[in-house]
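This is what each chain is made of:
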Amino acid sequence: MTAKAGKYELKLSSRLGKVKPSATMAVTAMVAALRAAGRRVIDFGAGEPDFDTPEHIKRAAAAAMNAGETKYTPVGGTHKLKEAIVAKLKRDNNLEYEPAEVFASAGGKHSLYNALFALLDDGDEVIIPAPYWVSYPAMVLLAGGVPKIVETEERDGFRMGPEAFAAAIGPRTKAVILNSPSNPTGGAYTKAELGALGEVAQKRGVFVISDDVYEALTYGGFRQEHILNACPQLREQTLLVNSVSKTYAMTGWRIGYVAGPKALIGAMNKIQGQSTSNPCSIAQAAAVAALEGPQETVREMVREFESRRDFVFERLSRIPGVSCFKPLGAFYVFPSIASYVGKSANGRKIESAGALCEYLLKEAGVAVVGGEDFGAPTNIRISYATSMDNLREGLDAIAEALGRIKL
Ligand code: PLP
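Residues numbered from 1 in each chain as written. Predicted model: local features only at pLDDT ≥ 70, side-chain atom pairs only at ≥ 80, totals over all residues. Heavy atoms only, no water.

### Describing the sheet that holds strand β9 (residues 238-243)
Link 1 in the chain: Taken in spatial order, the 7 strands make up an open sheet running β4-β10-β9-β8-β7-β5-β6, and their pairing is mixed. Unpaired on one side and paired on the other, β4 (102-105) and β6 (146-151) mark the two borders of the sheet. Ignoring which end each strand starts from, the neighbouring axes of this sheet average 25 degrees apart.
Link 2 in the chain: As defined by bridge partners, β4 adjoins strand β10 (residues 256-259) across 4 bridges and the pair is classed as antiparallel. Directly across from V102, in β10, lies its bridge partner A259.
Link 3 in the chain: Where helix α4 (residues 108-119) meets the sheet, it contacts β4, β5 (125-130), β7 (173-179), β8 (207-211), β9 and β10, and its direction lies at approximately 160 degrees from that of β9. (Pairing = 2+ DSSP bridges. Helix = DSSP H or I, 4+ residues; strand = E, 2+ residues; numbered from the N terminus. Axes fitted to C-alpha atoms, helices over the stretch in contact; angles between N-to-C directions. Contact = heavy atoms within 4.5 Å.)

The following block contains the structure:
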């Protein structure tokens, strides 16, 4: 806080200067501006399922509210929620935890934020394979850490191998973040691959943060295994992060959770206890219903996402100059548009993936997100969390607009 000629001048924290505003937000703002001007825009930018939260979950929330469950709860969640999380981890992941080893926050993002604040000292490095979810590097920086990015290739299914992982480990390495299936690529690790990474982590003393928020959304017979099943000896140096957001179409309810060593859970309890306190009591009751209730709605959503994935992959693969990895999970495809970068459209050079997104928005009326903020400057992210009609129309429009660019 400084004063200049008697005038108050707001000075924000220098920590914030390290964090960029997100590209996703820029696209959202452009979509809003075009829509306000009366243009029809098809939005392929969504980071959340386009399905409604299942009815039995909404009913559980209403019942909790009517029963007066509207007060503070224990910081890391009600005992009921912790028991539901413990039961879920046993049922779906064959992992044994006690309620004292699990902890709920306001979304998986908040769980990750608490964990990074609990783990990192200034200058500690966190290994993040690229392409990555935009928030990982930002959260590491806000917590005083240093993101150490490891590039991966489409031809390797966007997976980091054990050699690349080992080579990135230095004296300040504290943790690695693994996200399988991945946002934005839809790439995923097999049990054997996780085992190989886990071995390196164990040998070199690297803490593993396993972001499992898309674990239930997998396709083509692929089933996501947990790194702790591949490498049970990692239990005391792994934090499992999950959320009801994507699995149960509950992004707005804000419930995420973790399982891990008691000392880390205690540290997260301290941080959350002095910041947001417990996650919303009503949303916690809804999360219990989601985790304990019928899972058929999840299977239905997965079936629908799988047919969309097949359609989008096949349609994109027919566009000249676009190369696309077939996702194993999540609800994104992440094609390379490298052939278009440096070419001209409407007399203007397309300098970047972001510039191509602007072109597609203006010329095709379709919003996609440039790969720059995901650590992949010649890719674009297309979300298929939208109707098949939108996907058909939007992809035809993209193909037509790209067809006007001379390769
Ligand atoms: N992890 C990944 C990879 C994500 O894509 C997201 C959301 O987009 C999250 C975590 C956090 O989701 P939530 O905070 O809604 O649980």
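On we go from here.
### Things to note about the sheet that holds strand β16 (residues 380-383)
Link 1 in the chain: Pairing within the open sheet is antiparallel, and its 3 strands lie in the order β11-β16-β15. Two strands lie at the open edges of the sheet, namely β11 (332-333) and β15 (369-370), each paired on one side alone.
Link 2 in the chain: Bridge count for β15 against β16 is 2 bridges, and the pairing is antiparallel. The residue bridging V369 from the neighbouring strand is R381, located in β16.

### Observations regarding unusual backbone geometry
Link 1 in the chain: Residues A130 and P131 are joined by a peptide bond in cis, for which omega reads -5 degrees.
Link 2 in the chain: Relative to the elements of secondary structure, P131 occurs in the loop between β5 and α5 (135-142).
Link 3 in the chain: The step from N183 to P184 runs through a cis peptide bond, and the omega angle for that step is 20 degrees.
Link 4 in the chain: One can find P184 in the loop between β7 and α7 (191-204).
Link 5 in the chain: Phi is positive for S277, which is not a glycine, with a value near 60 degrees.
Link 6 in the chain: Mapped onto the elements of the fold, S277 is located in the loop between α9 (262-273) and α10 (281-292).
Link 7 in the chain: For S277, a relative accessible area of 26% translates into the label partly exposed. (Buried < 20%, exposed > 50% of the residue type's maximum accessible area, 1.4 Å probe, protein only.)

### Notes on the site of the ligand
Link 1 in the chain: The environment of the ligand is formed by 14 residues, the closest being G108, D211, S243, S245 and K246.
Link 2 in the chain: In the environment of the ligand, an oxygen atom lies 2.8 Å from a nitrogen or oxygen atom belonging to the side chain of N183.
Link 3 in the chain: Contacts to the ligand include D211, whose side-chain N or O atom sits 2.6 Å from a nitrogen atom.
Link 4 in the chain: Summarising the interface, the protein chains cover 92% of the accessible area of the ligand, which totals 390 Å² for the free molecule.
Link 5 in the chain: Residues belonging to the shell around the ligand are distributed by class as follows: 4 nonpolar, 6 polar and 4 charged. (Near = heavy atom within 4 Å. Polar contact = N/O pair within 3.5 Å; in protein donor to acceptor, adjacent residues only side chain to side chain. Areas by Shrake-Rupley, 256 points an atom, 1.4 Å probe, with all protein chains shown as cover. Nonpolar A, V, L, I, M, F, W, Y, C, P; charged D, E, K, R; others polar.)

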